[in-house]
Amino acid sequence: MLDFIEKIRIAEAIEFFTDWLTDAFSFLFDPIKNQFGDFMDWSSDQLSAIPPIIIILIVGILAFFVSGKRFGLAAFSVIGLWLIYNQGLWEHLMETFALVLISSLLSILVGVPIGILMSKSKTAEAIITPILDFMQTMPAFVYLIPAVAFFGIGMVPGIFASLIFATPPTVRFTNLGIRQVSTELVEASDAFGSTGSQKLFKVELPMAKSTIMAGINQTVMLSLSMVVIASMIGAPGLGRDVLSSLQRAEAGTGFVAGISIVILAIIIDRFTQNLNTKRK
Amino acid sequence: MPVIKVEGLSKVFGKNTKEALKLLDEGKSKEDILKQTGNTVGVNRATFEVEAGEVFVIMGLSGSGKSTLVRLLNRLIEPTEGSVIIDGEDLAKVNKDILRRVRREKMSMVFQKFALFPHRTILENAEFGLEIQGVEKEKRSKKAKESLELVGLGDYIHQHPEQLSGGMQQRVGLARALANDPDVLLMDEAFSALDPLIRKDMQDELLDLQVSMQKTIIFITHDLDEALRIGDRIALMKDGSIVQIGTPEEILVNPANDYVERFVEDVDRSKVLTAEHIMKRPETINIEKHGPRVALERMKEEGISSIYVTDGKRNLKGYVLADDASEARKNEVRDLNEILKTDVPTVSKDTSMHDIFEVIHNTPVPIAVVEDGKLLGIVVRGAVIAALAGEGEVNLNA
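By the naming in an unreviewed UniProt entry, chain B is Quaternary amine transport ATP-binding protein, taken from Aquibacillus rhizosphaerae.

As annotated in an unreviewed UniProt entry, chain A is Proline/glycine betaine ABC transporter permease from Aquibacillus rhizosphaerae. Recorded under Sequence similarities (unreviewed entry), the UniProt text for chain A is reproduced unchanged: "Belongs to the binding-protein-dependent transport system permease family."

Listed below in structure tokens is the structure:
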């Protein structure tokens with residue numbers, strides 16, 4: 001009874017569409033893949049070139065000041081990073097970190113303006129909200145497939161997938177933060193004759209800053225999780241260690257790589273959170 | 001020559017505004033229009049002129065449309081119909097650029113909840129209007145400092161708003177508005193969020209400032225006492241319409257209709273004013289600490305012929321006359337009890353002026369206002385007469 005028409009060919013249609021995109025925009029994707037890929041390799045090389053001891057010390061000192069001159073976070077960072085070094089995962093850590101850094105920066109660069117647009121226009125909000133819902137509920141692995149089609153394997157598709165997966169919180173929180181600015185403050189800035197951009201930069205964004213920072217914190221965390229998953233399509237870093245131990249059923253090395261990711265996650269999370277509370 | 005001329009200014013909230021306006025013309029009420037069209041009439045054909053240097057008070061209860069009206073003046077809310085003419089330009093129709101220029105140069109606004117920017121210092125808040133106009137840093141902070149000095153906050157310029165009390169925050173709001181040197185000051189319930197004593201101080205201060213500034217002020221309030229205190233003229237609003245415009249006297253003496261009459265009934269002075277409104281802080285001495293000598297000194301200082309005596313907890317004990325005190329000093333009497341008179345004329349703080357009049361008639365000393373045996377204040381004869389005549393220092397906010 002339910003078979004009144006044959007199977008609708010959604011999968012084929014999407015595949016066709018992806019193929020078409022890949023072909024039609026290869027003039028765009030190829031240079032991105034090459035140029036950006038080179039840039040990514042270059043930046044993770046740069047990070048790896050710095051002696052680990054210097055990075056550990058710098059992170060420790062920054063942690064001390066960022067957490068309001070307390071030793072907890074600093075001690076954790078130094079010991080945690082040393083442990084990763086000790087386990088011989090330093091180079092992979094740097095690769096993961098470079099990926100997270102670049103993809104978060106891109107997410108913020110894309111997400112904040114979209115959030116601002118949403119806060120300014122009801123139509124934009126109505127259109128973008130369901131897209132964000134879609135982007136966040138779709139299983140993260142699915143993004144890897146078109147990413148590979150567009151950009152081949154390696155760092156660049158990883159960043160592409162992470163961009164799609166991790167941008168929504170920044171967009172949402174930027175929108176929310178700006179909409180939460182009290183009407184009286186918005187009226188005040190209008191009543192004194194602000195232009196739209198004066199209002200945005202002098203009143204709305206500063207007032208929304210802590211909300212936006214909360215969104216950015218989430219974006220960074222999501223980037224990290226996506227960057228690990230992206231090792232399935234050849235993104236380098238700690239995720240690759242997890243993946244290979246999974247394939248070889250080595251619980252020990254898998255655990256070590258996992259712990260390293262957790263340490264990195266905690267350090268990044270505390271850093272972004274403390275930056276937020278400090279600036280309030 | 002009026003600074004602002006408002007003609008037929010209306011605001012209808014909702015979709016079908018044309019129909020609502022037509023129904024208004026037919027004399028339908030706000031409620032009928034809401035039922036019939038689903039539109040809410042915010043302001044209905046407001047027409048008035050404000051002269052230069054005048055304090056024009058728009059007063060009404062909540063929901064009367066007064067806050068909407070003030071926002072129509074600087075177009076924070078788009079008018080549905082009518083005009084707001086300032087310097088020959090109809091603000092309701094000008095384009096965005098001209099509107100912005102008028103907001104920057106000619107009109108400033110002070111808000112009920114202060115609307116200070118929490119991420120800026122007091123100085124940066126006061127600079128805001130000038131900063132937006134692109135005035136260079138040095139010049140704008142000089143101007144902002146001047147206007148902060150004017151409201152008495154010169155020492156607080158590097159604090160943040162949350163470090164200041166409500167009254168001080170609103171001074172910053174006022175300074176921010178004044179720094180632009182606008183022709184017109186729109187004050188939307190500017191003092192309503194402050195507690196009564198501070199509110200009265202701010203009213204006094206605004207009046208003081210006004211003597212030197214001579215700004216045109218449009219002041220919104222729901223408080224009739226405030227309106228009577230500071231307004232040169234008052235417009236009373238009800239259901240979006242202005243029901244009467246006049247000087248405080250005109251409104252009190254000749255209410256235009258029942259609504260206004262009911263409104264101002266409460267200020268029929270002899271009926272409504274009570275001891276609380278006209279009492280002064282009493283000069284007292286403490287029977288546990290002071291003797292006739294101190295009593296006499298104190299009376300000399302204040303130029304009075306009698307003084308009230310209380311104990312350490314402000315419980316009223318009686319009064320001492322200057323003559324008796326000086327006698328006692330000559331005779332080296334140390335104890336106040338010997339000359340204390342206890343036939344004190346007392347009233348409660350809710351005693352009306354009518355009744356006070358009866359008491360004050362027969363007594364040589366000021367009347368004591370007492371609650372639970374404690375002395376709250378005194379009422380002197382002059383204050384009663386002045387209050388009945390509708391002048392003098394009457395604390396209507398008490």
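This is not the end of the story, as more comes after the structure.
**Description of a negative patch on the surface**
All names here are of chain A. Negative charge collects at one region of the surface, where Glu-12, Glu-15, Asp-19 and Asp-23 lie side by side. By the secondary structure assignment, Glu-15 is in helix H1 (residues 10-24). The exposure class assigned to Glu-15 is exposed, which follows from its relative accessible area of 54%.

**Describing a positive patch on the surface**
A surface patch of like charges, here positive, comprises Arg293(B), Lys300(B), Arg329(B), Lys330(B) and Arg334(B). For Arg293(B), the position within the fold is in helix H14 (residues 292-302).

**Quick notes on the pairing of strand E13 (residues 316-321) of chain B**
All names here are of chain B. With five bridges joining them, strand E12 (residues 306-310) and E13 adopt antiparallel strand pairing. Each residue of the ladder has a partner; that of Ile-307, found in E13, is Val-320. Remark: five residues form the turn of the hairpin made by E12 and E13, two consecutive strands paired antiparallel; Arg-314 in that turn has positive phi of roughly 65 degrees.

**Points about the interface of chain B and chain A**
A common measure of how large an interface is: the accessible area buried when the components associate. Chain B puts 26 residues into the contact, and the matching count from chain A is 16 residues. Taken together, chain B and chain A are joined by two salt bridges. A salt bridge links Lys202(A) to Glu131(B); its shortest N-O distance comes to 2.6 Å. Between the two partners, chain B and chain A, sit nine residue pairs in polar contact (both at pLDDT 80 or more). Those elements that provide at least two residues to the side of chain B that touches chain A are helix H4 (96-105), strand E6 (107-110), helix H5 (122-133) and helix H7 (166-179) of chain B. Looking at side-chain class alone, the side of chain B that touches chain A contains 12 nonpolar, six polar and eight charged residues.

**Examining the UniProt feature "domain: CBS" (unreviewed entry) in chain B**
With numbering matched to this structure, UniProt assigns "domain: CBS" (unreviewed entry) to residues 278-336 and 340-394 of chain B. The span residues 278-336 of chain B is 36% helical and 24% strand by assignment, and the distance between its end C-alpha atoms comes to 29 Å.

**What about the domain arrangement of chain B?**
By the assigned domains, chain B splits into domain 1 (2-106 + 182-267) and domain 2 (275-388). The straight-line distance from the C-alpha centre of domain 1 of chain B to that of domain 2 of chain B is 46 Å.

**Notes on the pattern of salt bridges**
All chains considered together, the criterion is met by 28 salt bridges over all chains. Among the salt bridges present, the one from Glu187(A) reaches Arg71(B), with a minimum N-O distance of 2.5 Å. A residue pair is termed interchain when its members come from two chains, as with Glu187(A) in helix H9 (residues 183-191) and Arg71(B) in helix H3 (residues 66-73). Taking relative accessible area as the criterion, Arg71(B) reaches 9% and is therefore assigned buried. Here Asp223(B) makes a salt bridge to Arg199(B), at a shortest N to O gap of 3.0 Å.

**A word on the confidence of the model for chain B**
Residues and elements named next belong to chain B. For chain B, the mean per-residue pLDDT works out to 85, and 94% of the residues sit at or above 70. Mean pLDDT values over the elements of chain B span from 54, in helix H12 (residues 269-272), up to 94, in strand E8 (residues 216-221). Overall, residues 391-398 carries pLDDT values under 50, and its contacts beyond four positions in sequence, including any with other chains, amount to 21 contacts.

What counts and how
- Residues numbered from 1 in each chain as written.
- Chains lettered and ligands numbered in written order.
- Predicted model: local features only at pLDDT ≥ 70, side-chain atom pairs only at ≥ 80, totals over all residues.
- Heavy atoms only, no water.
- UniProt positions renumbered as here; feature names shortened; annotations may be inferred.
- Patch = residues over 30% accessible without salt bridge, like charges linked within 9 Å, V, L, I, M, F, W, Y side chains within 5 Å.
- Areas by Shrake-Rupley, 256 points an atom, 1.4 Å probe, with all protein chains shown as cover.
- Salt bridge = Lys/Arg side-chain N within 4 Å of Asp/Glu carboxyl O.
- Lys, Arg positive; Asp, Glu negative; His and termini not counted.
- Charge placed at Lys NZ, Arg CZ, Asp CG, Glu CD.
- Helix = DSSP H or I, 4+ residues; strand = E, 2+ residues; numbered from the N terminus.
- Buried < 20%, exposed > 50% of the residue type's maximum accessible area, 1.4 Å probe, protein only.
- Pairing = 2+ DSSP bridges.
- Contact = heavy atoms within 4.5 Å.
- Polar contact = N/O pair within 3.5 Å; in protein donor to acceptor, adjacent residues only side chain to side chain.
- Nonpolar A, V, L, I, M, F, W, Y, C, P; charged D, E, K, R; others polar.
- Domains from an automatic or database assignment.
- pLDDT = per-residue confidence, 0-100.

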